[in-house]
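Structure at a glance
For reference, the chains in residue letters:
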Amino acid sequence: MTVDDTSSGEGADPPAGASVHPTPHHEVDHTAEPTDDPLAIRLEQLILGADRRYTPFQAARTAGVSMDLASRFWRAMGFADIGQAKALTEADVLALRRLAGLVEAGLLSEPMAIQVARSTGQTTARLAEWQIDSFLAGLTEPPEPGMTRTEVTYPLIELLLPELQEFLVYVWRRQLAAATGRVVQTGDDEEMVDRRLAVGFADLVGFTRLTRRLEEEELGELVEAFETTSADLVAAHGGRLIKTLGDEVLFAADDAGTAGEIALRLVEAMAHDTTMPALRVGIAFGTVTTRMGDVFGTTVNLASRLTSIAPKDAVLVDGAFAQELVRTGDAPASEAQAAEEAAAAAERARLAEKEGRQDEEPPLPTYRFGLQPMWQRPVRGLGVVEPWLLARRGKPSS
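Reference entry: report on the structure contained in this document. All values reported here derive from a predicted model rather than from experimental measurement. (Residues numbered from 1 in each chain as written. Predicted model: local features only at pLDDT ≥ 70, side-chain atom pairs only at ≥ 80, totals over all residues. Heavy atoms only, no water.)

**Considering the overall build of the chain**
- On a plain count of helices and strands, the chain comes out with twelve helices and ten strands.
- The buried share of the chain, reckoned over its 398 residues, is 36%.
- Residue pairs at least 24 apart in sequence account for 69% of intrachain contacts in the chain once pairs closer than 6 positions are excluded. (Helix = DSSP H or I, 4+ residues; strand = E, 2+ residues; numbered from the N terminus. Buried < 20%, exposed > 50% of the residue type's maximum accessible area, 1.4 Å probe, protein only. Contact = heavy atoms within 4.5 Å.)

Pasting the structure below:
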């Protein structure tokens, strides 16, 4: 869409006092001017719900926003520089007014408003690309010989647009409610930003070799199947999919037990799919910085390193994660302890049966996971760590 810091109407110089800061870091790309293709213009008008009316400078002036701030908002949203082109609509003006109004009212600082624009732009850009590449492209296959895709596209988008818009807002509200709930339940104000989470990476083994062996379409189908399975399992068991990286997914959970269940489910699911390569998972537990839906920090780096050294079809966790499982009663401190508890429980049951009484002792602890210490080893950038092999004890819960 939009930006040229020197735009001032239909090619005129900006008036005195207007911001004329040069475009930072890159030249204005005049090749990014909007297309004049009639169908493309009709589709744009349909989707945006308005006609082209303003140049960037005119839009900024109408919104009562400096050209400098408007440029930063537009770039943050991921819109291309368009030079002097008259390509903006009333919706662009309204968006500028809203963001600037939040800053003027003191509800958002200017850097925060830029961050809101950037996070929204990045997320919706990926969504729009996916919908066009995968969803709409498939649906717009000409239904009859002789028809072109362009003849089908306009009426289809006309029908789908309001439904997709309502669905997008619904999902966003649901996700916002869930995220807000997690934050307000945090007892410590500092943890609202720097939180203690379990962070895991799941990585397909030998993916590079697969890229040389499989056709592009086959590789795309494999990656899509992996991402879909991972996203479904992470969501179903209470985690959050942070991002997908083709052959790797990054997920997080508020507690170690949830993350451990997700990791083992992922390994089990891939092992049962003969079309999938082996999977390895690394998880760490600790303080994590969250920004724009992503996670950062030493805990994330450690989880990544553990993944790189994990055996095939296995889950490696760090010491803090293992301690958290023991603390919450999801795993015994050692298999020797579990064996002693089982032997003691069996002896109590034997004596109770012999004496003809019911055993009133507390039930034997039911552990979901087992932990096996591995050899300590140096991990690049993080010193020496002692990984633990995570395994399931008993059948998985439904």
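**A closer look at the packing of aromatic side chains**
- Under the definition given, this model contains one aromatic pair.
- Aromatic side chains F167 and Y170 sit 6.0 Å apart centroid to centroid with 40° between the ring planes, which places their arrangement in the tilted category. Linking F167 with Y170, this pair stays in helix α6 (residues 149-184), spanning three residues, or about one helical turn.
- Given a relative accessible area of 47%, Y170 falls into the partly exposed group.
- A cation over an aromatic ring shows up here: R42 above the ring of Y154, its NZ or CZ 4.2 Å from the ring centre. (Phe/Tyr/Trp six-rings, centres within 6.5 Å; stacked < 30°, edge-to-face > 60°. Lys NZ or Arg CZ within 6 Å of the ring centre and 35° of its normal.)

**With respect to helix α9 (residues 256-271)**
- Taking 1.5 Å of rise per residue, the 16 residues of α9 would be expected to cover 22 Å, and the 23 Å separating its terminal C-alpha atoms lies within 8% of that figure.
- α9 sits mainly inside the fold: 13 of its 16 residues count as buried.
- With a side-chain oxygen lying 3.2 Å from the backbone nitrogen of G257, the N-terminal cap of α9 falls on D255. (Expected span 1.5 Å × (residues − 1). Polar contact = N/O pair within 3.5 Å; in protein donor to acceptor, adjacent residues only side chain to side chain.)

**Re the nonpolar core**
- Judged by nonpolar contacts, the single largest core of 37 residues is most densely connected at L279, V281, I283, V315, F321 and L390.
- Ranked by residues supplied to this core, first place goes to α9 with eight residues.
- Once you skip the residues sitting within four places of it in the chain, V281 turns out to touch F201, A202, F251, A263, V267, T307, A310, A314, V315 and L316.
- In this structure, Y54, A60, L96 and A117 belong to the second largest nonpolar core, which totals 24 residues. (Core = buried A, V, L, I, M, F, W, Y, C linked by side-chain atoms within 4.5 Å.)

**Observations regarding the packing of α9 against helix α11 (residues 319-327)**
- Interaxial distance between α9 and α11 falls to 9 Å at its minimum, and their mutual angle equals 110°. Taken together, the axes of α9 and α11 lie roughly perpendicular to each other. Contacts between α9 and α11 pair A256, G257, A259 and G260 from the former with F321, E324 and L325 from the latter. (Axes fitted to C-alpha atoms, helices over the stretch in contact; angles between N-to-C directions. Parallel < 35°, antiparallel > 145°, perpendicular 65-115°, else oblique.)

**Remarks on unusual backbone geometry**
- The residue D313 is not glycine, and still its phi comes out positive at about 55°.
- Locating D313 in the fold gives a position in the loop between α10 (298-309) and β6 (314-317).

**Comments concerning the pattern of salt bridges**
- Scanning the entire structure with this criterion turns up 15 salt bridges.
- The salt bridge partner of R72 is D68, with a shortest N-O separation of 3.1 Å. Of the two residues, R72 and D68 both sit in helix α3 (residues 67-76), four residues apart, roughly one turn of that helix.
- Residue class for R72 comes out partly exposed when judged on its relative accessible area of 33%.
- Each of E261, R265, E268, D330, R368 and R392 takes part in one network of salt bridges that share partners. (Salt bridge = Lys/Arg side-chain N within 4 Å of Asp/Glu carboxyl O.)

**Notes on a nonpolar patch on the surface**
- On the surface, L127, W130 and L168 cluster together into a nonpolar patch covering about 280 Å² of accessible area.
- Note on placement: W130 falls in helix α5 (residues 110-139). (Patch = residues over 30% accessible without salt bridge, like charges linked within 9 Å, V, L, I, M, F, W, Y side chains within 5 Å. Areas by Shrake-Rupley, 256 points an atom, 1.4 Å probe, with all protein chains shown as cover.)

**Observations regarding the pairing of strand β4 (residues 279-291)**
- Of the strand pairs in this sheet, β4 and β6 are connected by four bridges, and their pairing is parallel. The residue of β6 that forms the bridge with I283 is V317.
- Bridge count for β4 against strand β5 (residues 294-296) is three bridges, and the pairing is antiparallel. Within β5, the residue paired with T289 across the bridge is F296.
- Hairpin connection, β4 to β5: the antiparallel pair is bridged by two residues, and M292 has positive phi, about 50°. (Pairing = 2+ DSSP bridges.)

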